[in-house]
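Fold and contact review
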Amino acid sequence: MIKARKVPRILVLGGGYVGLYAALSLRQRLGRREAAIVVVDPRSYMTYQPFLPEAAAGYLEPRHVVVPLRRTLRSCTILSGRVSTLNHANRVAEITPLEGESYSISYDHVITSLGAVARTLPIPGLAEHGMGFKQIEEAIALRNAVLGKMEAASSTWDPELRRRLLTFTFVGGGFAGIEALGEVEDMARTACKDFDSIRREDLRFVLIEAMGRILPELGEELGGYALEQLRARSIDLKLNTRLESCVGGLIETSDGDRFESDTLVWTAGVKASPALGFTDLPLDERGRVRTNATLQVVDESGQVIEGAWAAGDCAAVPDLAGEPGSTCAPTAQHAVRQGRHLGQNLARLIVGEELVDYKHANLGTVASLGLYKGVAQTFGIKLRGPLAWFMHRTYHMWAMPTLNRKVRIVLDWTTALLFRREMVALGAFSSPRAEFTAAAGGGQATSKSGSKTPAG
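Residues numbered from 1 in each chain as written. Predicted model: local features only at pLDDT ≥ 70, side-chain atom pairs only at ≥ 80, totals over all residues. Heavy atoms only, no water.

Most peptide bonds are trans, and most residues other than glycine sit at a negative phi. Not every positive phi belongs to a glycine, and Asn240 is a case in point at roughly 50 degrees. For Asn240, the location among the structural elements is in the loop between strand 13 (236-238) and strand 14 (243-245). Located in the positive-phi region is Thr402, a residue other than glycine, with phi close to 70 degrees. Inspection of the secondary structure puts Thr402 in the loop between helix 10 (386-399) and helix 11 (403-418). The exposure class of Thr402 is partly exposed, given its relative accessible area of 30%. (Helix = DSSP H or I, 4+ residues; strand = E, 2+ residues; numbered from the N terminus. Buried < 20%, exposed > 50% of the residue type's maximum accessible area, 1.4 Å probe, protein only.)

In structure tokens form, the structure reads like this:
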């Protein structure tokens with residue numbers, strides 16, 4: 001028996017775009033005495049993913065592309081953990097905190113905003129050798145990996161090892177893959193100025209894409225332009241090609257090519273969070289929560305399931321501005337707007353107002369290909385080069401949550417214009433206790449160059 005509450009409790013599963021904006025919208029309409037809001041996420045921040053490429057390239061401070069949940073949602077309760085199970089029939093969720101035993105929490109309304117994870121394939125070696133590009137940790141790890149491999153290559157005379165270290169492979173020609181490739185390649189070529197033994201031509205960047213084009217959302221004309229720009233930068237583009245194996249860093253592709261690469265970045269699509277499988281909410285054939293246009297969860301017959309709401313990449317939201325029967329694409333543009341709309345609709349329901357359908361026509365798409373390089377299509381206007389790059393930065397700065405983060409991002413960009421960005425690999429962050437462990441054990445620590453030095 002669930003104890004009666006004075007105010008309804010709203011449980012928000014996930015602190016990403018949808019979770020953050022839904023909670024903000026709810027709190028704008030409802031005070032503490034009208035609703036209690038609980039947000040559950042293993043991370044204490046929301047990552048603004050469109051800025052990950054610039055964080056990886058060193059233009060933005062990593063802390064400035066994330067939004068701290070506790071500071072932004074001061075009037076909400078933030079629980080650091082994951083949802084283990086969701087029994088909506090009894091309106092109870094089991095939460096597994098980062099430390100300690102699991103516990104249950106009851107609620108009146110649940111917002112499912114668990115987002116998406118990388119859609120991987122059973123390719124030999126991928127799980128062991130590949131890395132994703134969806135979180136700030138992965139962006140910084142990629143930056144450290146690229147600069148670290150360049151430092152290692154500059155300190156060896158083995159030509160085969162140098163070639164392997166200086167070969168960087170990206171899989172996936174969508175926005176995430178192309179923007180990551182464009183920014184990181186631009187950074188690495190610039191970093192060559194700091195190495196007297198590495199020339200720009202020594203770097204090899206490879207893109208593997210199963211389709212015959214890149215950036216399909218931008219159309220053939222702009223996608224073709226982006227293709228030409230990347231080829232002009234000597235990037236090896238393998239279209240209509242699949243990754244077959246990457247065991248031990250040996251890359252094998254469907255066109256018969258074989259080469260060694262120590263760095264493999266996987267950006268070939270996303271899928272709804274597998275955590276949805278531990279809920280009793282109705283899912284579609286792609287594992288997404290079924291919703292109607294008001295963002296309420298519905299069953300296969302379209303019947304509303306009271307108290308359940310969903311939006312974002314983990315939800316099959318009808319696209320009223322698109323083709324009949326289509327669902328909204330998993331983009332940040334939809335997720336941000338759906339989060340706000342969901343919060344407003346739930347507030348309307350609680351105060352007894354009529355719900356409003358979610359309908360949003362795409363404002364356009366923008367993509368960065370590196371410093372002063374980009375493509376954009378907005379309101380039917382196609383842009384290329386510096387103007388498109390400027391539009392990309394302007395749009396995402398505007399969309400970034402909180403004035404605090406907007407100002408910090410603009411200051412980062414201003415500083416980057418006045419001074420050279422720092423090209424320093426901080427790979428030791430992945431094992432910060434290595435030096436201390438070696439010292440405590442009386443052993444030897446590995447220096448930056450790889451040689452053994454006495455501990456202490």
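Here helix 1 (residues 17-29) crosses helix 9 (residues 332-351) at 35 degrees, and the two axes come no closer than 7 Å. For helix 1 against helix 9, the interelement crossing comes out right-handed. Contacts between helix 1 and helix 9 pair Tyr17, Val18, Tyr21, Ala22, Ser25, Leu26 and Arg29 from the former with Ala332, Ala335, Val336, Gly339, Arg340, Leu342, Gly343, Gln344, Leu346, Ala347, Arg348 and Val351 from the latter. Of the residues belonging to the contact of helix 1 with helix 9, the class tally is 12 nonpolar, four polar and three charged. (Axes fitted to C-alpha atoms, helices over the stretch in contact; angles between N-to-C directions. Left-handed = near helix turned anticlockwise from the far one by under 90°. Contact = heavy atoms within 4.5 Å. Nonpolar A, V, L, I, M, F, W, Y, C, P; charged D, E, K, R; others polar.)

The next subject is the nonpolar core. Counting 109 residues, the largest nonpolar core has Leu11, Ile111, Met150, Phe170, Leu203, Phe205 and Ile214 as the members making the most contacts within it. Excluding residues within four positions of it along the chain, Leu203 makes contact with Met150, Leu166, Phe168, Ala188, Arg189, Cys192 and Ile198. (Core = buried A, V, L, I, M, F, W, Y, C linked by side-chain atoms within 4.5 Å.)

Bringing the environment of Gly249 into the picture now. Within the fold, Gly249 resides in the loop between strand 14 and strand 15 (250-253). Considered as a pair, Gly249 and Phe170 are 79 residues apart in the sequence and their alpha carbons are 13 Å apart. Once residues lying within four places of it in the same chain are set aside, the contact partners of Gly249 are His129, Arg164, Phe259, Glu260 and Ser261.

Across the five residues of strand 12 (residues 204-208), four count as buried, placing the element largely inside the fold. Chirality of the crossover, the property in question, places the unit of strand 11 (residues 167-171), helix 7 (residues 175-191) and strand 12 among those that are right-handed. Pairing geometry for strand 12 and strand 13, over three bridges, is parallel. Bridging from a neighbouring strand, Leu207 pairs with Leu237 of strand 13. Between the parallel pair strand 12 and strand 13, the chain is carried across by helix 8 (residues 219-232), and the sense of this crossover is right-handed. (Right-handed = clockwise from strand over helix to strand, strands pointing away. Pairing = 2+ DSSP bridges.)

A few words now on the sheet that holds strand 23 (residues 364-370). Across the sheet, which stays open at both edges, the three strands sit in the order 23-24-25 with antiparallel pairing between neighbours. A single partner strand is all that each edge strand has here, and the edge strands are strand 23 and strand 25 (381-384). When strand polarity is set aside, the average angle formed by the axes of neighbouring strands in this sheet is 5 degrees. Of the strand pairs in this sheet, strand 24 (residues 373-378) and strand 25 are connected by four bridges, and their pairing is antiparallel. From the neighbouring strand, Ala376 faces strand 25, where its bridge partner is Leu383. Sheet strands in contact with helix 7 are strand 23 and strand 24, and its direction is about 30 degrees off that of strand 23.

This part is about the pairing of strand 24. Sheet analysis places strand 23 next to strand 24, joined by six bridges and oriented antiparallel. Bridge pairing in strand 24 places Ala367 opposite Val375. In sequence, strand 23 turns back onto strand 24 through a hairpin of two residues, with Tyr372 there showing a positive phi of about 65 degrees. In textbook terms, the turn of a hairpin is the stretch between consecutive antiparallel strands, and for strand 24 and strand 25 this stretch comprises two residues, one of which, Phe379, has a positive phi near 50 degrees.

This part covers helix 9. Compared with the 28 Å implied by 1.5 Å per residue over 20 residues, the 29 Å span of helix 9 between its first and last C-alpha is a close match. Counting buried positions over the 20 residues of helix 9 gives 14, a clear majority of the element. Backbone geometry just downstream of helix 9 places Gly352 in the positive-phi region, at approximately 85 degrees. (Expected span 1.5 Å × (residues − 1).)

With that settled, consider the confidence of the model for the chain. Taken over all residues, the pLDDT of the chain has a mean of 92, while the share at 70 or more is 95%. Low pLDDT, under 50, characterises residues 447-451; the predicted model gives this stretch four contacts beyond four residues in sequence or across chains. (pLDDT = per-residue confidence, 0-100.)

What follows covers the state of the cysteines. If you walk through the whole model with that rule in mind, you get zero disulfides. Cys76 takes part in no disulfide bond, and the closest cysteine sulfur, belonging to Cys314, lies 19 Å away. Exposure remark for Cys76: the relative accessible area of 10% places this residue in the buried category. (Disulfide = S-S within 2.5 Å.)

Within the structure shown, the criterion is met by 24 salt bridges. Salt-bridge contacts for Arg204 lead to Asp236; the nearest nitrogen and oxygen are separated by 2.7 Å. Placement of Arg204 in strand 12 and of Asp236 in strand 13 is noted, with a sequence separation of 32 residues between them. Sharing partners across several salt bridges, the network here consists of Arg204, Asp236, Lys238, Asp255 and Asp257. (Salt bridge = Lys/Arg side-chain N within 4 Å of Asp/Glu carboxyl O.)

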